[in-house]
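Listed here are the chains, written in short residue letters.
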Amino acid sequence: MYEFNHNENDIIVLHDAVRPFTSVEILKNCIEAAKEYGATIATIPAVDTMLVSKGGEFLDDVPNRKTILHGQAPDGFKLGVLKKAIEELTLEERKIITGTAQICCVKGYKVKVIQGDVKNMKITVEQDLILAERIYKQEVESQCVKL
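Colleague: Kindly report on the nonpolar core, identifying the contributing residues and their values.
Modeller: By size, the foremost hydrophobic cluster in this structure holds nine residues: Ala-39, Ile-41, Phe-77, Leu-82, Ala-85, Leu-89, Ala-101, Ile-103 and Cys-104. Contributions of two or more residues to this core are made by strand S2 (39-45), helix H2 (79-88) and helix H4 (100-106). With three residues, the top contributor of residues to this core is H4. Membership of the second largest hydrophobic core comes to five residues, among which are Ile-26, Ala-33, Ala-42 and Ile-114.

Quick look at the structure:
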């Protein structure tokens with residue numbers, strides 16, 4: 001096994017490869033928040049009405065969307081915080097984890113939310129790819145010098 005020198009306060013940033021439009025500002029904010037709070041995640045507010053259907057057939061609840069955020073990436077952590085949270089996970093908790101920040105949340109660690117960006121989208125389905133291509137083209141065109 002490879003050994004590397006590390007400090008419990010070293011910052012680790014985890015990012016989804018399916019989010020190609022993360023800005024330098026989000027990365028900087030993630031690192032700074034991780035230094036201060038130990039764990040952080042980029043988020044954007046929910047704009048749609050969020051619905052809960054436990055069985056998938058009928059509506060069970062309509063939570064207040066002012067308290068709902070869409071999680072993005074990156075997630076940032078002090079290495080010691082993330083390592084300890086992972087080590088504390090039970091087998092049952094491991095089965096429900098869908099994101100890295102959730103590991104800390106499940107184990108009772110506070111996770112600081114930072115402002116993400118709607119452009120920091122996740123490319124999952126074909127429609128996402130079409131939108132991503134448009135965003136990319138727009139970004140490239142905005143950086144070109146017009147003659």
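Colleague: Any details on helix H1 (residues 24-37)? Residues and values, ideally.
Modeller: With 14 residues, H1 extends 20 Å from end C-alpha to end C-alpha; this agrees with the ideal 20 Å at 1.5 Å per step. Considered for burial, the residues of H1 that qualify are Ile-26, Cys-30, Ala-33 and Ala-34. Projected onto a plane normal to the axis of H1, the buried residues spread over an arc of 100° and lie on a single side. What points out from H1, more than 90 degrees from its buried face, is the exposed set Val-24, Glu-25, Lys-28 and Glu-36. The secondary structure elements touched by the buried residues of H1 are strand S1 (11-14), S2, strand S3 (69-78) and strand S4 (112-115).

Colleague: Residue-level account of the environment of Thr-49, with values.
Modeller: Structurally, the position occupied by Thr-49 is in the loop between S2 and S3. On the basis of relative accessible area, Thr-49 is assigned to the exposed category, the value being 51%. Linking Thr-49 and Ile-68, residues 19 residues apart in sequence, is a C-alpha distance of 9.6 Å. If near-sequence neighbours (up to four positions away) are discounted, Thr-49 is found in contact with Val-62 and Arg-65. Side chain to side chain, Thr-49 and Arg-65 meet in a polar contact 3.3 Å long.

Calculation rules
Residues numbered from 1 in each chain as written. Predicted model: local features only at pLDDT ≥ 70, side-chain atom pairs only at ≥ 80, totals over all residues. Heavy atoms only, no water. Core = buried A, V, L, I, M, F, W, Y, C linked by side-chain atoms within 4.5 Å. Buried < 20%, exposed > 50% of the residue type's maximum accessible area, 1.4 Å probe, protein only. Helix = DSSP H or I, 4+ residues; strand = E, 2+ residues; numbered from the N terminus. Expected span 1.5 Å × (residues − 1). Arc of directions from axis to C-beta. Contact = heavy atoms within 4.5 Å. Polar contact = N/O pair within 3.5 Å; in protein donor to acceptor, adjacent residues only side chain to side chain.

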